[in-house]
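Survey of secondary and tertiary structure
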Amino acid sequence: MTVNTSSRPELRRPDGQPVRVLVVDDEPTLAELVTLALRYEGWDVRSALDGSSAVRVAREFKPDAVVLDVMLPDFDGLEVLRRMRAEVDSLPVLFLTAKDSVEDRIAGLTAGGDDYVTKPFSVEEVVLRLRALMRRTGVTEGGGGSALVVGDLTLDEDTREVFRGGEAVLLTATEFELLRFLMRNPRRVLSKTQILDRVWNYDFGGQANIVELYISYLRKKIDAGREPMIHTMRGAGYVLKPAG
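As the structure is a prediction and not an experimental result, all values here were calculated from the model.

1. Digging into the overall build of the chain
Regarding its fold elements, the chain presents eight helices and 11 strands. For the chain, buried positions account for 47% of its 244 residues. When contacts within the chain are restricted to residue pairs at least 6 apart in sequence, those whose partners lie at least 24 apart make up 58%. Entry remark: accessible area of the chain is about 11900 Å², with carbon and sulfur atoms responsible for 48%.

The structure is reproduced here in structure tokens:
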């Protein structure tokens with residue numbers, strides 16, 4: 001799996017050193033995959049396969065953030081988090097888990113987790129969520145982002161953060177690229193062909209319905225419960241414009 005980092009700035013600690021991330025997962029292949037993806041970002045990454053190792057490595061490595069599996073062979077990720085937070089109370093944690101129930105999500109976040117990704121997941125999503133998490137929690141130095149603004153919708157091209165009405169909107173890499181294309185062309189009707197060409201960068205074999213699918217994903221995240229900004233122009237394409 002390839003992670004494209006060419007369009008993203010490298011995140012660094014305020015002292016200029018690479019950010020440190022600890023990856024904890026009892027599946028060696030998955031742990032290695034996530035570790036490699038994070039190293040492609042230029043980060044210093046260590047890994048652990050069980051809870052006791054994770055606590056020991058965290059004490060020695062002093063990570064800036066942790067990617068933590070909930071299900072571990074000795075004790076669970078919630079206990080790992082409690083032990084880590086006993087030493088560093090503000091350590092940002094992104095939970096990974098195969099569980100998808102509301103109760104498990106609440107348990108993880110109540111225990112102090114900052115974000116939650118359910119398996120199976122894309123490595124790209126983990127990278128983007130972790131970047132956003134570290135920026136939100138002040139781990140990395142600030143940067144002057146290049147922001148696109150349409151109405152109450154803001155997209156920062158450097159940090160890859162999106163806000164609608166001041167509330168953060170978490171997008172996958174493809175959703176982000178689609179929204180960026182729409183926001184670079186506000187009030188302009190964009191055809192499915194134009195969107196396929198600019199967002200996917202190759203011929204989808206006539207599968208223009210992929211655009212409809214991702215527009216629906218965006219609407220659920222951008223427009224849900226709000227006055228819509230993304231509009232369908234029947235027979236022509238899609239347009240994004242300020243609400244109202």
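Having seen the structure, we can now continue with the description.
2. Overview of the sheet that holds strand E5 (residues 115-118)
The five strands lie next to each other as E2-E1-E3-E4-E5, forming an open sheet whose pairing is parallel. The open sheet is flanked by strand E2 (44-48) and E5, the only strands paired with a single partner. Sheet twist, expressed as the average angle between the axes of neighbouring strands with direction ignored, equals 15°. Two strands pair when backbone bridges link them, and strand E3 (residues 65-69) and strand E4 (residues 93-97) are joined in this way by four bridges, in the parallel orientation. Bridge pairing in E4 links Val66 to Val93. Along the sheet face, helix H1 (residues 28-40) touches strand E1 (20-24), E2 and E3 and points at about 165° away from the line of E1.

3. Some remarks on the packing of helix H2 (residues 51-61) against helix H3 (residues 77-87)
Contact geometry of H2 with H3 gives a least axis separation of 9 Å together with a crossing angle of 20°. The angle between the axes of H2 and H3 places the two elements in the roughly parallel class. For the element pair H2 and H3, the recorded crossing hand is right-handed. Contact with H2, carried on its side by Gly51, Ala54, Val55, Ala58 and Arg59, involves Val80, Arg83, Met84 and Glu87 of H3 and no other residues of that element. In terms of residue class, the contact of H2 with H3 is built from five nonpolar, one polar and three charged.

4. Notes on the side chain of Asp25
In this fold, Asp25 is placed in the loop between E1 and H1. Here the side chain of Asp25 touches Glu27 through a polar contact of 2.8 Å, landing on its backbone nitrogen.

5. A look at the pairing of E5
Where burial is concerned, the two faces of E5 agree: the one with Asp115 and Val117 and the one with Tyr116 and Thr118 are both buried. Pairing of E4 with E5, which is carried by four bridges, proceeds in the parallel orientation. By the bridge assignment, Phe95 is partnered in E5 with Tyr116.

6. Quick word on the sheet that holds strand E7 (residues 153-156)
Strand order in the open sheet made by the four strands is E6-E7-E8-E9, with antiparallel pairing throughout. A strand with exactly one partner marks an edge of an open sheet, and here the two such strands are strand E6 (147-150) and strand E9 (167-169). For this sheet the average axis-to-axis angle between neighbouring strands, irrespective of direction, equals 25°. As paired elements, E7 and strand E8 (residues 161-164) share four bridges and run antiparallel to each other. Each bridged residue has a counterpart across the sheet, and for Leu155 the counterpart in E8 is Val162. The strands that helix H6 (residues 173-184) touches are E6, E7 and E8; relative to E7, the one it contacts most, it runs at about 115°.

7. Observations regarding the nonpolar core
Among the nonpolar cores identified, the biggest contains 28 residues, and Val162, Leu179, Ile195 and Leu240 are the most heavily contacted of them. Contributions of two or more residues to this core are made by E6, E7, H6, helix H7 (192-200), helix H8 (209-222) and strand E11 (237-240). The residues contacting Leu179, other than those within four sequence positions of it, are Leu153, Leu155, Val162, Leu171, Leu218, Ile222 and Leu240. Among the nonpolar cores identified, the runner-up in size contains 22 residues, and Val21, Leu30, Val127 and Met134 belong to it.

8. Brief notes about the packing of aromatic side chains
A ring pair, where both rings are aromatic, is described by two values, the distance of the centres and the angle of the planes. Under the defined criterion, the tally for this structure stands at one aromatic pair. Seen in terms of ring centroids, Tyr214 and Tyr217 are 5.1 Å apart; in terms of plane orientation they differ by 75°. Their pairing is edge-to-face. Here the residue Tyr214 and the residue Tyr217 both occupy positions in helix H8, the gap between them amounting to three residues, near one helical turn. Above the plane of the ring of Phe75 lies Arg83, whose end atom (NZ or CZ) is 4.1 Å from the centre.

Reading guide: rules and limits
- Residues numbered from 1 in each chain as written.
- Predicted model: local features only at pLDDT ≥ 70, side-chain atom pairs only at ≥ 80, totals over all residues.
- Heavy atoms only, no water.
- Helix = DSSP H or I, 4+ residues; strand = E, 2+ residues; numbered from the N terminus.
- Buried < 20%, exposed > 50% of the residue type's maximum accessible area, 1.4 Å probe, protein only.
- Contact = heavy atoms within 4.5 Å.
- Areas by Shrake-Rupley, 256 points an atom, 1.4 Å probe, with all protein chains shown as cover.
- Pairing = 2+ DSSP bridges.
- Axes fitted to C-alpha atoms, helices over the stretch in contact; angles between N-to-C directions.
- Parallel < 35°, antiparallel > 145°, perpendicular 65-115°, else oblique.
- Left-handed = near helix turned anticlockwise from the far one by under 90°.
- Nonpolar A, V, L, I, M, F, W, Y, C, P; charged D, E, K, R; others polar.
- Polar contact = N/O pair within 3.5 Å; in protein donor to acceptor, adjacent residues only side chain to side chain.
- Core = buried A, V, L, I, M, F, W, Y, C linked by side-chain atoms within 4.5 Å.
- Phe/Tyr/Trp six-rings, centres within 6.5 Å; stacked < 30°, edge-to-face > 60°.
- Lys NZ or Arg CZ within 6 Å of the ring centre and 35° of its normal.

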